[in-house]
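Commentary on secondary and tertiary structure
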Amino acid sequence: QVRVVESGGGLVQPGGSLRLSCAASGFIVSSAAMSWYRQAPGKERELVAHCTSAGGCTNFADSVKGRFTGSRDNAKNTVYLQMHGLKPEDTAVYFCDAAILRSDQTIDHYWGQGTQVTVSS
C-alpha cells in the first residue's frame, strides 16, 4: 500500500529552523516526483518545493527561495524539507505529495495528512 507520512512540524520562533520529513512506504521515493505543499488558514494549498524523480529538489516557490532546501535519502526512503529563516507567514500545514507514474502513463498522487508548522514568538 502506497503511503506517505509527514513529520517534523512544530512551533518555532521567527528566524528559526525546522526539518520536515516525508517517509514513504509502498514505493521507492527515487522513482517518484515528490512535492511539498502548504496550506495556511483561509488560503489555498500552494506548492512549496518540487523534487523530480531523476534529480534533486530544484523548484521552489519564490517566497521560500534561499531559505528552504529539499533532499532525498534513498536509503531511508524519505524526502526532507529543510526550512531556515522561518517567518510568521510560513505558518501552515505542510503536506507531502508523491506523484507516481503508472504503466499506462497516468499519474497517481498520494498525499499525507500533513504536519503543522507554526512560526510565532
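Residues numbered from 1 in each chain as written. Predicted model: local features only at pLDDT ≥ 70, side-chain atom pairs only at ≥ 80, totals over all residues. Heavy atoms only, no water.

1. Looking at the nonpolar core
Judged by nonpolar contacts, the single largest core of 31 residues is most densely connected at Phe27, Met34, Trp36, Phe68, Leu81, Met83 and Tyr94. Broken down by secondary-structure element, the contributors of at least two residues to this core are strand S3 (18-25), strand S4 (33-39), strand S5 (46-51), strand S6 (57-60), strand S8 (78-83), strand S9 (92-101) and strand S11 (115-119). No other element matches S9, which puts five residues into this core. (Core = buried A, V, L, I, M, F, W, Y, C linked by side-chain atoms within 4.5 Å. Buried < 20%, exposed > 50% of the residue type's maximum accessible area, 1.4 Å probe, protein only. Helix = DSSP H or I, 4+ residues; strand = E, 2+ residues; numbered from the N terminus.)

2. Some details on the side chain of threonine 115
Checked against the element boundaries, threonine 115 lands in strand S11. Judged by its relative accessible area of 11%, threonine 115 falls in the buried class. Polar side-chain contacts of threonine 115 include one of 3.0 Å to the backbone nitrogen of glycine 9. What threonine 115 contacts, discounting residues up to four positions off in sequence, is Glu6, Ser7, Gly8, Gly9, Leu20, Ala92, Val93 and Tyr94. (Polar contact = N/O pair within 3.5 Å; in protein donor to acceptor, adjacent residues only side chain to side chain. Contact = heavy atoms within 4.5 Å.)

3. A few points about the pattern of salt bridges
By the definition in use, this model includes six salt bridges. Linking arginine 38 and aspartate 90 is a salt bridge whose minimum nitrogen-to-oxygen distance equals 2.9 Å. Residue arginine 38 is found in strand S4, and its partner aspartate 90 is found in the loop between S8 and S9; the two are separated by 52 residues along the sequence. Here the two residues arginine 38 and aspartate 90 agree in accessibility, since each one is buried. The partner of aspartate 108 in a salt bridge is arginine 102, with the nearest N and O atoms 3.1 Å apart. On the basis of relative accessible area, arginine 102 is assigned to the partly exposed category, the value being 41%. A single network of salt bridges, built from pairs that share partners, joins Arg38, Glu46, Arg67 and Asp90. (Salt bridge = Lys/Arg side-chain N within 4 Å of Asp/Glu carboxyl O.)

4. Topic: unusual backbone geometry
In this structure, asparagine 77 is a non-glycine residue whose phi angle is positive, near 55°. With respect to the helices and strands, the residue asparagine 77 is situated in the loop between strand S7 (68-73) and S8. For asparagine 77, a relative accessible area of 14% translates into the label buried.

5. Description of the sheet that holds S8
Reading across from one edge, S1-S3-S8-S7 is the order of the four strands in this open sheet, with antiparallel pairing throughout. At either end of the open sheet lies a strand with only one pairing partner, and these are strand S1 (3-7) and S7. The average angle at which neighbouring strand axes cross in this sheet is 15°, direction not considered. Where S3 lies against S8, six bridges are found, and the strand directions are antiparallel. Across the sheet, the residue bridging to alanine 23 is threonine 78, located in S8. (Pairing = 2+ DSSP bridges. Axes fitted to C-alpha atoms, helices over the stretch in contact; angles between N-to-C directions.)

6. Considering the side chain of aspartate 97
Examined against the element boundaries, aspartate 97 turns out to sit in strand S9. This buried residue, aspartate 97, is left without a salt bridge; arginine 45 holds the nearest opposite charge, at 7.5 Å. A polar side-chain atom of aspartate 97 sits 3.0 Å from a polar atom in the side chain of histidine 109. Those residues in contact with aspartate 97, other than ones at most four positions away along the chain, are Ala33, Met34, Ser35, Tyr37, His109, Tyr110 and Trp111. (Lys, Arg positive; Asp, Glu negative; His and termini not counted.)

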